[in-house]
Amino acid sequence: MHATHERFEAQVLPHLDAAYRFARWLGNSRSDAQDIVQEAMLRAYRGFEGLRGTDVKAWLLTIVRNCHATAYQQEQRRGFIELSERDHAPELNAEMAAPADPERLTMQRDEERTLERLLARLSVEHREVLVLREIDDMRYRDIAEIIGVPIGTVMSRLARARAVLKSHWEEQVPRGVHGLP
């Protein structure tokens, strides 16, 4: 059992930040993301012995996705949907080193808030492929494994997600700002 625990820590725990980030983008609140990741880590630990020859990060993110789906279904059954903390979060990414220039920091935070709002407007299926590809820099094959669809579906969802995000961005940001024509 001790060897399993050490292997789990060595192979799975390095992906804890990615699991939280994915859960955060999928869900509405930080506390929900923490709950989802905690449940996912418990499930991962219980199933770790059966893991053979697969990408650990993709395996863990699949579990996170499934835990999110379960939590979402439970919320729907209760008829309760918590308001998003994203709109109230003073800082979007506390791990980021703050630039020395306060004006630049303010602009960066505004852009991050805008991106968060725009991503929140996407459907979950579009948001998850976009986050996995563009933020976590995962390969199409790994994304397909995580969400359980063919690679072609990942590619088409990603293309649609980018197009919808661009459309939402253009609605939010005035022309000529941030490199838009």
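Notes on the structure follow. (Residues numbered from 1 in each chain as written. Predicted model: local features only at pLDDT ≥ 70, side-chain atom pairs only at ≥ 80, totals over all residues. Heavy atoms only, no water.)

## Let's talk about the environment of Tyr-72
Along the polypeptide, Tyr-72 turns up in helix H4 (residues 56-78). Taking the C-alpha atoms as reference points, Tyr-72 and Leu-26, separated by 46 residues in sequence, lie 10.0 Å from one another. (Helix = DSSP H or I, 4+ residues; strand = E, 2+ residues; numbered from the N terminus.)

## Quick notes on the nonpolar core
Grouped together as the largest cluster of nonpolar side chains are 41 residues, with contacts concentrated most on Val-12, Phe-22, Trp-59, Leu-132, Ile-146 and Ile-147. The set of elements that each furnish at least two residues to this core consists of helix H2 (16-26), helix H3 (30-47), H4, helix H5 (102-121), helix H6 (124-135), helix H7 (140-147) and helix H8 (151-172). When residues in this core are grouped by element, the largest group, eight residues, is from H4. In this structure Trp-59 touches Val-12, Ala-44, Gly-47, Phe-48, Leu-51 and Thr-54, once residues within four positions along its chain are discounted. (Core = buried A, V, L, I, M, F, W, Y, C linked by side-chain atoms within 4.5 Å. Buried < 20%, exposed > 50% of the residue type's maximum accessible area, 1.4 Å probe, protein only. Contact = heavy atoms within 4.5 Å.)

## Considering the pattern of salt bridges
The final tally for this structure, using the stated rule, is eight salt bridges. A salt bridge links Glu-39 to Arg-43; the shortest N-O distance between them is 3.1 Å. Pair noted here: Glu-39 and Arg-43 are both in helix H3, with a separation of four residues, about one helical turn. Taking the relative accessible area as the measure of exposure, Arg-43 reaches 31% and is therefore partly exposed. In this structure, Arg-157 and Glu-125 form a salt bridge, with 3.6 Å as the shortest nitrogen-oxygen distance. (Salt bridge = Lys/Arg side-chain N within 4 Å of Asp/Glu carboxyl O.)

## Observations concerning the packing of aromatic side chains
A complete count under the given rule lists three aromatic pairs for this structure. Summarising the aromatic geometry, the rings of Phe-8 and Tyr-45 are spaced 5.0 Å apart at their centres and angled 85° between planes, so their arrangement reads as edge-to-face. Separated by 37 residues along the polypeptide, Phe-8 in helix H1 (residues 2-11) and Tyr-45 in helix H3 bring together distant segments of the chain. For Phe-8, a relative accessible area of 6% puts it in the buried group. In this structure Tyr-45 comes out as partly exposed when scored by relative accessible area, which is 27%. Seen from their ring centres, Phe-8 and Phe-48 are 5.4 Å apart, and the 90° between their planes marks the pair as edge-to-face. Placement of the pair is Phe-8 in helix H1 and Phe-48 in the loop between H3 and H4, with a sequence separation of 40 residues. (Phe/Tyr/Trp six-rings, centres within 6.5 Å; stacked < 30°, edge-to-face > 60°.)

## Here's the deal with H8
A rise of 1.5 Å per residue sets the reference length of H8, with its 22 residues, at 32 Å; its end C-alpha atoms lie 31 Å apart and thus fit the reference within 8%. Of the positions making up H8, those classed as buried are Val-154, Arg-157, Leu-158, Ala-161, Leu-165, His-168 and Trp-169. For H8, the arc enclosing every buried residue in end-on projection is 105°, short of the 170-degree limit, so these residues lie on one face. (Expected span 1.5 Å × (residues − 1). Arc of directions from axis to C-beta.)

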